[in-house]
Amino acid sequence: MNPYILAALLFGLGLGTTITLASSHWLLAWMGLEMSTLAIIPLMTQNHHPRAVEATTKYFLTQATAAAMLLFASTTNAWLTGQWDIQQMAHPLPVTLITLALALKIGLAPIHSWLPEVLQGLDLTTGLILSTWQKLAPFALLLQLQPANSTILIAFGLMSTLVGGWGGLNQTQLRKILAYSSIAHLGWMILILQFSPSLTLLTLVTYITMTLSAFLVLKLNKSTNINSLATSWAKAPALAALAPLILLSLGGLPPLTGFMPKWLILQELAKQDLALTATLAAMSALLSLYFYLRLSYAMTLTISPNSLAGTTPWRLQHTQLTMPLALATTIALLFLPVTPAIVALLTL
């Protein structure tokens, strides 16, 4: 892609999200969401493959549906209450509709089925943008809507953690596994949204860091399915040793960073007398942990088959920037000891 066009698209992506983050009026928020959707579409189709075109079409249709719902709900709110302000949502009908529209935008269960299919059709870089940056704007709106709809948010959260765990069990394609991982993590964020918005933000930041790290590892190894992970030790031995730790951090095992948000969320749910919800969420984390362990096993404890199709590749010099990967990996693995400081900041 022409670098000037790429720069313009990335600028549009950033501008769209920034407009939504800064807006207090529903029309401006909707405009920002549309800008970021339209800016990512050419990035999704840049490698002219039928799968990429199919994924882009699915993505465009779901995002257009969600945007239309959001516009309809905000207009209904203005009609019923005379308010366009995001924080002046008093009527339950538009609030529920907007919650549904934003859930469709980020891919919460039970309206999640577009996300694995879309992610599977994209290259890893665009998939990374879709899994991280594109979640920021809808989350900013959800944070401003809370605590209007407690039951629907808890239902979405629990379903997402369970579907994210179950869905990833039978997958062999890494992008689909990361899509289900994304759904499960979003479920954890939505569960705690109304009780502790700051904790939701902390979980979102940790999720983005760990996902960035995981995507960059796969990009460096050029891996798209579980079998191709077996050759990663020949390309980057040190990275092959660290990658399972990144995956286990995504699964939420102590003493890695990923344990921190899960631990704090379960603690907060217990404080709110939601012991059953906390138990179900913790059990669903075990489902996710299984497929992360499966990936770790494929990466470190199996040797690639020496057939012509799967010959162990030469250890060639790669051209990818490794500084973002190094920073993301450090944060994804070693930030658990600073939990007391983070908790102190959250309670300010």
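Just so we're clear, the structure is a prediction, and the values are computed from it rather than from any experiment. (Residues numbered from 1 in each chain as written. Predicted model: local features only at pLDDT ≥ 70, side-chain atom pairs only at ≥ 80, totals over all residues. Heavy atoms only, no water.)

> Give me the lowdown on the UniProt feature "transmembrane region" (unreviewed entry) in the protein, citing residues and values where you can.
The positions that UniProt labels "transmembrane region" (unreviewed entry) are, in the present scheme, residues 60-80, 92-115, 151-170, 177-195, 201-221, 233-254, 274-293 and 325-346. The span residues 60-80 is 100% helix and 0% strand, and its two end C-alpha atoms sit 30 Å from each other. Secondary structure across residues 201-221 divides into 100% helix and 0% strand, with the first and last C-alpha atoms of the span separated by 30 Å. (UniProt positions renumbered as here; feature names shortened; annotations may be inferred. Helix = DSSP H or I, 4+ residues; strand = E, 2+ residues; numbered from the N terminus.)

> Which residues make up the pattern of salt bridges, and what values go with them?
Scanning the model with the defined rule gives three salt bridges in all. Between Glu54 and Lys58 there is a salt bridge, and its shortest N-O distance comes to 2.7 Å. On the criterion of helical spacing, the pair formed by Glu54 and Lys58 is a turn pair, its members being four residues apart in helix H3 (residues 50-81). For Glu54, a relative accessible area of 37% corresponds to the partly exposed category. Where Glu117 meets Lys176, a salt bridge forms, and the shortest distance between an N and an O atom there is 3.3 Å. One end of the pair, Glu117, is in helix H5 (residues 114-120); the other, Lys176, is in helix H9 (residues 174-192), with 59 residues separating them in the sequence. The buried category is assigned to Lys176, whose relative accessible area is 17%. Overlapping salt bridges bring together Glu54, Lys58, Glu117 and Lys176 as one network. (Salt bridge = Lys/Arg side-chain N within 4 Å of Asp/Glu carboxyl O. Buried < 20%, exposed > 50% of the residue type's maximum accessible area, 1.4 Å probe, protein only.)

> With reference to specific residues and values, describe the nonpolar core.
Nonpolar side chains in soluble globular proteins tend to be buried together. In terms of nonpolar packing, the biggest core is built from 52 residues, with Ile40, Tyr59, Val118, Leu130, Val217, Leu229 and Leu295 touching the most fellow members. The leading source of residues in this core is helix H10 (residues 197-221), at seven residues. Here Leu130 is in contact with Ile40, Tyr59, Val118, Leu119, Leu122 and Lys135, once residues within four sequence places are set aside. Judged by nonpolar contacts, the second largest core, of 29 residues, contains Leu70, Ala73, Leu97 and Leu142. (Core = buried A, V, L, I, M, F, W, Y, C linked by side-chain atoms within 4.5 Å. Contact = heavy atoms within 4.5 Å.)

> Tell me about helix H14 (residues 259-271), residues and numbers included.
The terminal C-alpha atoms of H14, which comprises 13 residues, lie 18 Å apart, in line with the 18 Å expected from a rise of 1.5 Å per residue. Looking only at H14, the buried set comprises Met260, Pro261, Lys262, Leu264, Ile265, Glu268 and Leu269. Buried residues in H14 make contact with H9, H10, helix H13 (237-251), helix H15 (275-300) and helix H17 (339-346). Phi for Asp273, located one or two positions after H14, is positive at around 60 degrees. (Expected span 1.5 Å × (residues − 1).)

> Give me the lowdown on the environment of Thr279, citing residues and values where you can.
Relative to the assigned elements, Thr279 resides in helix H15. Engagement of the side chain of Thr279 in a polar contact is seen with the backbone oxygen of Ala275, the distance being 2.7 Å. (Polar contact = N/O pair within 3.5 Å; in protein donor to acceptor, adjacent residues only side chain to side chain.)

> I'd like a description of the side chain of Ser296, backed by residues and values.
Looking at the secondary structure, you find Ser296 in helix H15. Excluding residues within four positions of it along the chain, Ser296 makes contact with Pro244, Leu247, Leu248 and Leu301.

> I'd like a rundown of helix H7 (residues 136-145), residues and numbers included.
The α-helix advances 3.6 residues per turn, and as a result positions three or four apart in sequence lie on the same side. Burial of H7 is extensive: eight of the ten residues sit out of reach of the surface. For H7, the set of buried residues is Ala137, Pro138, Phe139, Ala140, Leu141, Leu142, Leu143 and Leu145. Summarising the contacts, the buried residues of H7 are in contact with helix H1 (3-22), helix H2 (26-44), H3, helix H4 (92-106), H9 and H10.

> Residues and numbers for a nonpolar patch on the surface, please.
A contiguous nonpolar surface patch, about 340 Å² in accessible area, is contributed by Met1, Ile5, Leu6 and Leu10. Positionally, Leu6 belongs in helix H1. The partly exposed category is assigned to Leu6, whose relative accessible area is 30%. (Patch = residues over 30% accessible without salt bridge, like charges linked within 9 Å, V, L, I, M, F, W, Y side chains within 5 Å. Areas by Shrake-Rupley, 256 points an atom, 1.4 Å probe, with all protein chains shown as cover.)

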